[in-house]
Every structure is written in structure tokens, then in C-alpha cells.
Amino acid sequence: MKKLLVILSAILILLTFTQPVFAWSVPEDIASDDSALIYFAQVLKVYPDEETALVSPVKVIKGDIPVEGLHLVKKCTGLITPGNVYIFLSTEENIQQTYAFSPTSYDTDTLSFSRVDGNNERLIRYINEGKYKSADAERTDRINSEIKGKNSIKLSELLGLTESTELPISVKNTFNKSFDIDYNAFLSLCDEITAYEIKDGGVYSEYRQMFYYAGEKAVTLTTDAKIIISDNSFHAEYYISGADKNKLLSLFPEEKADLPTITKGSFVIVAAIAFILFSIMVFITLPVLIKKKKKKK
């Protein structure tokens, strides 16, 4: 009887801690850590012996990570299942611990985790408040300030956008999904954005976030707020502020990104198993306790 209770208790504890536990200061530390990565990714394969997982990033909250390919997550803490989408967090990519959390949605303004506790509630709140997006914009600005050229120009002028020449704005996201955005809203925002020339020929980022077409010009927006413009005879590289990059991305409808479905059932199953085991424990121990009480009488 005692052995059975010990085994059941161990299983119950194991199932309860399906979310990773990290140092208390981590949610605050990663805001100021330029190496920190926070991103949504779909798990493709898990290698338990090596504590690694092969994932496909689909949306970035903080840091530079490609959303068009594969990424190997090392030293992963958290219960992950192939096919499901998780939020991954690392403080130094592939060096320090990587944490995996099961999100309820892709909406960073309202999302939560399948299991919320004192360990991760601040992390959720900071994601909802946009703390990490703002920190990433500041990181981008610090990097780009080192390559600032002498010339600046309004983004609308750079792209050749005017009220009298209403060009169709055809957008493609990193999943190769095409859609149109409202021209007037795009023009109004571009009128407010200043683009700065990159000195010494520019630094091209391999992490493309969105690209779109203004007239015959191909315009690429990268994760580090670079604007690359090219056509048959022209190529130029500029950068905008990280905050302006986020404003541009807000025009692109996320629901058309064909993001993988977030599975919410895994935690429900774990909770159900835990409840069943707890019920078994009560069913076994309750008669024993009643028996002992009667003997004392």
C-alpha cells in the first residue's frame, strides 16, 4: 500500500510540473538582454537523449531568428510534443537553458499560458504589455545607430508614394502568402516614418520579416528594421526605427499568415490524468484513514 502511494504521488508531482521553472528575475532580465530570444515555434522532432528539439519558428516576439527555416533548440526545459506550437525563451541561444511554454493564442496582447503560476505570470504580463517588443525595438535602434549615414528621407518619398498616384500595395509574408493592404493607411504611416541611409554599402540581414511591392519596386523589411529597395537598375539600403517597424507590421493582417494551429488539449489531458490519479489516491487512503479512526474509538 505504501509503495503504491509513493508511486502515485511521484507521478502526480511529475505531471503537475509540466511547465518549466526559472530563476525569479528572468522575466525582467531578458528585457535588457540583447541576446535573448522569445518566439513561437512548431516542434518538428524531439531528441530526449540530447535534450534538444528541432523546431520551425513562426513568429518572433524578441530577437533575431529566421522564420523561414529550421532551428535546433538545445537544453530545452518543459514538456513539448511534436506538432504543437510553443513559446520558446532563451537567454543565450544554444548556450543557456531554453524554456518552452504552451500558449493559448498568437495574440501577444491577450495570450496566456496553459498553466499560469507565480513563476511565469510576470512573463505573460510583460508579453501582453509589449515590454519585450519595446525592448527589441531599442536593441535594433542601438545596432542601427552604428551604421547611420548622412542622408535621411521620408519613407513615403523613398517608396515613391503620393496621394495622386495610388499604387496597389501587394504584400507577401514569410510564409509566401500574398494579400493587399489599404493604400491610404500605408501612405499615412509612411509619411510619418523617417528612413536613414546606411553608410558603407549597407549590412544585409538574412532574417526577412515581410516584403512587399510598391509599384515596380521590390521592398524588403527585415527583422532588424532594414529597408532594402531594388528593381532592375536600382538598389538601396536604409533603416527605420524599431518602433516604426512594429507600426508597419501592424498593418499586415496576421490571420492571413497561415500560422500552425495552437493545440490546447495537451494540458487538459495532463490535468485529467492528474485528477484521476488524485481520485485514486483519495479512494485508496480514505478507507484506511476511516479504519484507523474506528480502531482508536
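This text gives an overview of the structure that appears in the document. (Residues numbered from 1 in each chain as written. Predicted model: local features only at pLDDT ≥ 70, side-chain atom pairs only at ≥ 80, totals over all residues. Heavy atoms only, no water.)

**Focus: the overall build of the protein chain**
Short version of the rule: Numbering of helices and strands runs from the N terminus; a helix is a DSSP stretch of H or I covering at least four residues, while a strand is a stretch of E covering at least two. The buried label goes to any residue with under 20% of its type's maximum accessible area, the exposed label to any with over 50%, and the partly exposed label to all in between, with areas taken from a 1.4 Å probe on protein chains only. By definition in these notes, contact holds between two residues if any of their heavy atoms fall within 4.5 Å. With residues, only the protein chains shown are counted as cover, and all accessible areas are computed by Shrake-Rupley using a 1.4 Å probe.
The helix and strand inventory of the protein chain stands at eight helices and 14 strands. Buried positions account for 43% of the 297 residues belonging to the protein chain. Pairs at least 24 apart in sequence give 61% of the contacts found in the protein chain among residues at least 6 apart. Surface summary for the protein chain: the accessible area is close to 16000 Å², and the carbon and sulfur share equals 55%.

**Examining helix α6 (residues 183-192)**
This is how it is decided: Of all possible arcs, the one meant is that of the directions from the helix axis to the C-beta atoms. Nitrogen and oxygen atoms within 3.5 Å of one another constitute a polar contact, given that in protein one can donate a hydrogen and the other can accept it, and given that sequence-neighbouring residues count only through two side-chain atoms.
For α6, the full list of buried residues reads Tyr 183, Phe 186, Leu 187, Leu 189 and Cys 190. Buried residues along α6 cover an arc of 165 degrees about the axis, so they all sit on one side. Structurally, the start of α6 carries an N-cap: the backbone nitrogen of Asn 184 is 3.3 Å from a side-chain oxygen of Asp 182.

**Quick word on the pairing of strand β2 (residues 52-62)**
We count it as follows: Think of it this way: DSSP has to see at least two bridges between two strands before they count as a pair.
Among the eleven residues in β2, nine count as buried, and that is most of the element. Across nine bridges, the pairing between strand β1 (residues 37-47) and β2 is antiparallel. Along β2, the bridge assignment pairs Ala 41 with Pro 57. Where β1 folds back on β2, the antiparallel hairpin that results is connected by four residues, among which Glu 51 adopts a positive phi of roughly 55 degrees. For β2 and strand β3 (residues 71-74), the ladder comprises four bridges, and the chain directions are antiparallel. Considered in β3, the bridge of Val 55 is made with His 71.

**Description of the sheet that holds β3**
Spatially, β3-β2-β1-β5-β6-β4 is the arrangement adopted by the six strands of the open sheet, whose pairing is mixed. Of all strands in the sheet, those bounded by a partner on one side alone are β3 and β4 (76-77). Pairing between β4 and strand β6 (residues 98-101): two bridges, direction parallel. Within the sheet, the bridge partner assigned to Cys 76 lies in β6 and is Thr 98.

**Regarding the packing of helix α4 (residues 131-145) against helix α7 (residues 242-249)**
Formally: Here the axes come from fitting lines to C-alpha atoms, over the contacting stretch only for helices, and the angles between their N-to-C directions go from 0 to 180 degrees. Comment on the angle field: the value is read as roughly parallel under 35 degrees, roughly antiparallel over 145, roughly perpendicular from 65 to 115, and oblique elsewhere. Just so you know the grouping, Ala, Val, Leu, Ile, Met, Phe, Trp, Tyr, Cys and Pro go in nonpolar, Asp, Glu, Lys and Arg go in charged, and all remaining residues, Gly too, go in polar.
Viewed as axis vectors pointing N to C, α4 and α7 meet at an angle of 125 degrees, and their least axial separation amounts to 7 Å. As the angle between them shows, α4 and α7 are arranged oblique. Between α4, through Lys 133, Asp 136, Ala 137 and Asp 141, and α7, the contact on the second element is made entirely by Gly 242, Ala 243, Lys 245 and Asn 246. By residue class, the composition of the contact of α4 with α7 is two nonpolar, two polar and four charged.

**A closer look at the pairing of strand β14 (residues 235-239)**
Counting buried residues along β14, four of its five residues qualify, which places the element largely inside the surrounding structure. As paired strands, strand β10 (residues 194-198) and β14 are joined by two bridges and run antiparallel to one another. Paired with Tyr 196 across the strands is Tyr 239, a residue of β14. Pairing analysis gives five bridges linking strand β13 (residues 226-230) to β14, with the strands arranged antiparallel. Its bridge partner lying in β14, Ser 230 is registered against His 235.

**A closer look at the environment of Asn 120**
Its location among the elements puts Asn 120 in the loop between β6 and α3 (121-129). Once the C-alpha coordinates of Asn 120 and Phe 101 are considered, the two residues, 19 residues apart in sequence, prove to be 9.2 Å apart. From its side chain, Asn 120 meets the backbone oxygen of Arg 115 in a polar contact 3.2 Å long.

**Looking at the pattern of salt bridges**
Rules: Throughout this description, the term salt bridge denotes a Lys or Arg side-chain nitrogen within 4 Å of a carboxyl oxygen of Asp or Glu.
Applying the stated rule across the entire model yields five salt bridges. For Arg 139, the salt bridge is made with Asp 64, and the minimal N-O distance between the two is 3.5 Å. A residue pair is termed long-range when its members are at least 10 positions apart, and Arg 139 in helix α4 and Asp 64 in the loop between β2 and β3 qualify at 75 residues. We classify Arg 139 as buried; its relative accessible area is 5%. Salt-bridge contacts for Lys 247 lead to Asp 244; the nearest nitrogen and oxygen are separated by 3.8 Å. Here Lys 247 and its partner Asp 244 are both found in helix α7, three residues apart, which amounts to about one turn of the helix.

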